[in-house]
Every structure is written in structure tokens, then in C-alpha cells.
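Each chain, letter by letter, is given below.
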Amino acid sequence: MEKRIAILATNGFEESELKSPKEAMEAEGFTVEIVSEESGKIKGWADGNWSNEYQVDKTLSDVSAEDYNALMLPGGVINPDKLRRNEDALTFVRDFFKQGKPVAAICHAPQILISADVVKGRTMTSFNSIKDDLKNAGANWVDKEVVVDEALVTSRNPNDLPVFNSKLIEEIKEGKHELQHA
């Protein structure tokens, strides 16, 4: 069965954290779509500067979590900060949890999960600078390259991408998870 994966991102995403998982999932034969606030192109961030542009496949207004088997959230500093203020983005994210589907977030992306109110009681990791935010939101934060908690996959930074990608793919292949919850 074909798997469709949404990558939710906007301008200022960490380029490697979108490109690397996207390529890894496509190599598995999954259909991967970039979902964003507006159509057109979004610009990545790499090595402290604006980087390449990526084509947006669908806008938030065109999609729902039901259209996809899993959700992947790249980090970067600017990207999650913008998305966590978008109510449509938070609803989209929350619905993956409600539907028991795998969600993966790397680096600063768990900030979106905090705003979606889905981290309480979950064991997670993230970029070190948002550790306190996750703890304050009720998550059990650990410093590991990848953490899988009932279909929620989190990693710290681009160095963790190889293990993050393989765990993400493993969870997508396993499919819906009864214990994944909002």
C-alpha cells in the first residue's frame, strides 16, 4: 500500500532536516509532500544563512491529516516559531495524534508540538535550547540521538538525521499506533 507523508514547513526551516528525511522516505517509495501556509516556494536555512527554495506541494487549507500516513516536522529556529502561531498548522498536527499516526520532529520542531498541546507525559528529545520548554509542557526530556515514544519520533539536531530517518521509516511501516494520542 502506498504511504503518503506530509512534511509541514515554512520559510526558515533547517534545510538538511527537510531534505535528508524527504530523500530517505522517497527512497523507500513513499510519496512525500511539503505542506505549508501558502503555495509557491519556501526558503531553507543552512549554515546561518538563507539557502535553497523548495516547492510547496499543498497548503494547509487543501489538506487534512486523513490524507496522510505520517507527519514529519523539520526544525530550524524560524520555521517552528512561525508555524506554532498558525492555528491551522496546530490543528493539522493535533489530528495526526488523534488518528494514532506517526509524527516525527527534529531540533526546534517540538516547539510546534508544545503549542499543539501534545507533549504532556511523552518521552522526547530536542535541540538542547528548548529542553526547558518541553519539560515545562510536561514532557520527559532525555538527551539521546533519537527517542521513539509510541509513534512519536524526536531527535536533537542534523547530526542525528541518519538514526532519525531510519526510526521515522520504521514507524511509518508499522503504521497506526494505538497508544499515540493527543
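The rules behind each value
Residues numbered from 1 in each chain as written. Predicted model: local features only at pLDDT ≥ 70, side-chain atom pairs only at ≥ 80, totals over all residues. Heavy atoms only, no water. Helix = DSSP H or I, 4+ residues; strand = E, 2+ residues; numbered from the N terminus. Buried < 20%, exposed > 50% of the residue type's maximum accessible area, 1.4 Å probe, protein only. Contact = heavy atoms within 4.5 Å. Areas by Shrake-Rupley, 256 points an atom, 1.4 Å probe, with all protein chains shown as cover. Lys, Arg positive; Asp, Glu negative; His and termini not counted. Charge placed at Lys NZ, Arg CZ, Asp CG, Glu CD. Salt bridge = Lys/Arg side-chain N within 4 Å of Asp/Glu carboxyl O. Polar contact = N/O pair within 3.5 Å; in protein donor to acceptor, adjacent residues only side chain to side chain.

Points about the overall build of the protein
Moving on, step 1. From N to C terminus, the protein includes six helices and 12 strands.
Moving on, step 2. With 182 residues in all, the protein has 52% of them scored as buried.
Moving on, step 3. Considering only contacts within the protein whose residues lie at least 6 apart along the sequence, 66% involve residues at least 24 apart.
Moving on, step 4. Accessible surface for the protein amounts to roughly 8000 Å². Of this, 43% is attributable to carbon and sulfur atoms.
Moving on, step 5. Mean positive and mean negative side-chain charge positions of the protein (22 and 32 charges, respectively) differ by 2 Å.

Points about unusual backbone geometry
Moving on, step 1. Located in the positive-phi region is D47, a residue other than glycine, with phi close to 55°.
Moving on, step 2. One non-glycine residue with positive phi stands out, namely D117, at about 65°.

Details of the pattern of salt bridges
Moving on, step 1. Applying the stated criterion to the full structure yields 11 salt bridges.
Moving on, step 2. Here R4 makes a salt bridge to E33, at a shortest N to O gap of 2.7 Å. With R4 in strand β1 (residues 4-8) and E33 in strand β3 (residues 31-36), this residue pair connects regions lying 29 residues apart in the sequence.
Moving on, step 3. On the basis of relative accessible area, R4 is assigned to the partly exposed category, the value being 23%.
Moving on, step 4. Residues R94 and E87 are paired through a salt bridge, measuring 4.0 Å at the closest nitrogen-oxygen approach.

Quick notes on the side chain of E17
Moving on, step 1. Within the element layout of this structure, E17 appears in helix α1 (residues 15-27).
Moving on, step 2. Buried charge without a salt bridge: E17, with R156 as the nearest opposite-charge side chain at an N-O distance of 10 Å.
Moving on, step 3. Within the local environment of E17, its side chain forms a polar contact with the backbone nitrogen of G75, the two atoms lying 2.8 Å apart.
Moving on, step 4. Apart from residues no more than four positions distant in its own chain, E17 is found in contact with M72, P74, G75, G76, I106, C107, N157, P158 and L161.

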